[in-house]
Amino acid sequence: MNWKNRLRCDETAAWPLLQAHARTFRQDASSFDLRTAFAEDDQRFERFSQDAPYVFADLSKNLIDDRAQQLLLQLARECGFEAHREALLTGEPINTAEQRAAWHTLLREPYAPGQETASTSIRAEVAASLADMLNFADAVRADSRITDVVNIGIGGSDLGPRMAAQTLRTAGATSGPRVHFVANGDGHEISELLPSLKAASTLFIVVSKTFGTAETLANAKAARQWFLADGGSDVARHFVGVTCNTSAAGEFGISRVFSIWDWVGGRYSLWSAVGLSLAVAMGSAGFRALLAGAHAMDQHFANAPLETNLPLRLALLDIWQCDFLGLSSRCVAPYHHGLRRLPAYLQQLEMESNGKGVDAHGRRLAFPTAPVVWGEAGSNGQHAFFQLLHQGPGVTPVEFIAVREPAHSLQAQHRTLLANALAQARALMIGQSSDCGHRHFPGNRPSTFLLLERMDPASLGALLALYEHRVFSSGSLWGINSFDQWGVELGKTIATDLAPRLTSGDTAGLDASTAGLLKRLGGS
Ligand SMILES: O=P(O)(O)OC[C@H]1O[C@](O)(CO)[C@@H](O)[C@@H]1O
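Residues numbered from 1 in each chain as written. Predicted model: local features only at pLDDT ≥ 70, side-chain atom pairs only at ≥ 80, totals over all residues.

Moving on, we come to the overall build of the chain. Each helix and strand in the chain was counted, giving 19 helices and 11 strands. For the chain, whose C-alpha radius of gyration is 24 Å, the value lies close to the compact-globule estimate of 24 Å for 524 residues. For the chain, the C-alpha atoms occupy an extent of roughly 75 × 65 × 55 Å along the three principal directions. Relative to its 524 residues, the chain shows a buried fraction of 46%. In the chain, 76% of the contacts between residues at least 6 apart in sequence involve partners at least 24 apart. (Helix = DSSP H or I, 4+ residues; strand = E, 2+ residues; numbered from the N terminus. Rg over C-alpha atoms; globule rule 2.2 N^0.38 Å. Buried ≥ 20, exposed ≤ 12 C-beta atoms within 10 Å, placed from the backbone. Contact = placed C-beta atoms within 7 Å.)

This is the structure we're talking about:
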């Protein structure tokens, strides 16, 4: 099957079979129960868990059985998933709304000069661009005059590098100048940071694929104004840009530009020059290790049989939970302090990619797509919202992420942390019967457990690539274009209209609520 003619999940023969099978999972006494499933099958853990590069995954505590798994695999095959995956990995224009590829995997593919293939020149270009970016990063690290680096960007130009830099700092894999991140259009964020810096020893990296994002331009202008007021004179040396739009960066006064390709989507751009601040934080060797870890996961995704293809298995589980069990949210609980921004990163990756109500042809979908992703680092979450997960009226699948080796020497404390992650997953599943209502835990609540041996650049690269491919896979089967984001545009247009009205007080044509609020907010 050609990827362009692929089927949507609800057009397959597997779809109604899955609907019928899901009815046996309804929440009553005769329905599927995890405790019974484990009691009746001593191989359940082995069959619903697997290794992938750098990641071990246990899916066995989910509300899924062999028949559901088989039907979901049938659904993937019927949809033409393999052809679509091939198109992703070979740079076909799968972002059909914008007629371009989504070829982030190329950014982490090792390049051996002299390979003669049809796409040699783009591969050579990618390798040269990476080398240029990493040379610059290493030079910044070696320059004792630069003590602080500030990444100014938002969305994909912030979330990935910020989360990865934070994770690897906690893991002890960063060094060199202090790296800061400013994203928020709210001027409080940059205003809080700037007074702690010195113009002469600060490098600003302005990251914007379009170089047209209002928040980023506002923060970049504020930074330049502060830089000049603090005695800085050489804007060209202290401001560099990462963008597709080199002319707009030039107009801003930035001459050193690291360009990216239009086929690198914002939320998939960490691997490109968008990761410059991260490369400064960990050096070229660390950045290359991150790419190598992601590439290992790419290879797994490309070559592992569908039955043991971890990104696909997780995507099929998402579809099963979302479309057949009616579970519309997923809690991510990383039991690693470094991964505390992972839920925020995943919110963009998953919800901006797959939060769509129409398919790639613009036809309305009659089934739910991306679940709401939310979460907090363990064990903090246990003392906040886990109450709801254990005893709330609804069911929310939880995704635990644990790292076996800590980067600190508090071994006993780490064992306690791991015990807590295991305990939460087990408690959700086994529950506890009690005649006293508020002590009763229903149990049979699903969770997935992802386990890394240690946190280092390669493991993190693999984990993030795993999530990227999972999102591609579920989006592919839902029939949607995971690489556009038209849903962010309307609010931007309305904000552009409202901004001058806050000063003028003009409320013509506005609804009464917006007009009333505008009058209260205006004039400051
Ligand atoms: O890198 P840019 O062009 O500033 O865009 C930032 C972010 O804004 C969005 O376009 C959404 O508004 C994201 O997709 C993107 O990651």
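This brings us to the UniProt feature "active site" (unreviewed entry) in the chain. Mapped onto this numbering, the UniProt entry gives "active site" (unreviewed entry) at E352, H383 and K492. Maximum C-alpha separation among the annotated residues is 36.8 Å over a sequence range of 141 residues, too wide for a single clustered spot. By secondary structure assignment, the location of E352 is in helix α14 (residues 342-354). Beyond its immediate stretch of four places on either side in the chain, E352 contacts R267 and Q485. As for its position among the elements, H383 is in the loop between β9 (372-375) and α15 (386-391). (UniProt positions renumbered as here; feature names shortened; annotations may be inferred.)

Here we take up the site of the ligand. Taken together, 14 residues sit near the ligand, with G155, G156, S208, T213 and G266 positioned nearest. Broken down by class, the residue content of the shell around the ligand amounts to two nonpolar, nine polar and three charged. (Near = placed C-beta within 6 Å. Nonpolar A, V, L, I, M, F, W, Y, C, P; charged D, E, K, R; others polar.)

The subject of this paragraph is unusual backbone geometry. Following G378, the chain continues into S379 via a peptide bond in cis, with omega recorded as 10°. Counting through the fold element by element, S379 comes out in the loop between β9 and α15. Even without glycine at this site, Y54 takes up a positive phi of about 70°. Residue position: Y54 is located in the loop between β1 (49-52) and β2 (55-58). The residue Q99 is not glycine, and still its phi comes out positive at about 50°. Note on placement: Q99 falls in the loop between α5 (81-89) and α6 (120-142).

At their nearest, the axes of helix α7 (residues 159-170) and helix α12 (residues 276-303) sit 9 Å apart, and the two run at 15° to each other. In terms of axis orientation, α7 runs roughly parallel to α12. Along this stretch, α7 crosses α12, giving a crossing that reads as left-handed. Together, P161, A164, A165, L168 and R169 of α7 and S277, L278, A281 and M282 of α12 make up the contact between the two elements. Each residue belonging to the contact of α7 with α12 can be placed in one class, and the counts come to seven nonpolar, one polar and one charged. (Axes fitted to C-alpha atoms, helices over the stretch in contact; angles between N-to-C directions. Parallel < 35°, antiparallel > 145°, perpendicular 65-115°, else oblique. Left-handed = near helix turned anticlockwise from the far one by under 90°.)

Another point: the sheet that holds strand β4 (residues 178-182). Taken together, five strands build an open sheet; the order of strands is β4-β3-β5-β6-β7 and the sheet is parallel. A single partner strand is all that each edge strand has here, and the edge strands are β4 and β7 (256-259). With direction set aside, neighbouring strand axes in the sheet form an average angle of 20°. Strand direction decides the pairing type here: strand β3 (residues 148-152) and β4, joined by five bridges, are parallel. Bridge pairing links V150 to H180 in β4. Across the sheet, helix α9 (residues 214-229) lies against β3, β4, β5 (202-207) and β6 (239-243), angled at about 150° from β3, the strand it touches most. (Pairing = 2+ DSSP bridges.)

Attention now goes to the nonpolar core. Counting residues in each nonpolar core, the largest one holds 142 residues, and the members touching the most others are L75, I205, F400 and A462. Once residues within four sequence positions are removed from consideration, F400 is found in contact with A333, Y335, A421, A425, S447, F449 and L450. (Core = buried A, V, L, I, M, F, W, Y, C linked by C-beta atoms within 7 Å.)

For the rest of this paragraph, the subject is the confidence of the model for the chain. Residues of the chain with pLDDT of at least 70 account for 98%, and the chain-wide mean is 96. Overall fold confidence for the complex sits at a pTM of 0.97, while the interface term, ipTM, reaches 0.98. (pLDDT = per-residue confidence, 0-100.)

Each assigned domain of the chain is listed here: domain 1 (3-22 + 32-78 + 304-476), domain 2 (104-282) and domain 3 (488-521). Taking only C-alpha atoms, the centre of domain 1 and the centre of domain 3 are 41 Å apart. (Domains from an automatic or database assignment.)

Where β1 lies against β2, four bridges are found, and the strand directions are antiparallel. Among the inter-strand pairings, D51 is bridged to a residue of β2, identified as F56. Here β2 pairs with strand β11 (residues 447-454) via four bridges, running antiparallel. What sits directly across from D58, in β11, is F449.

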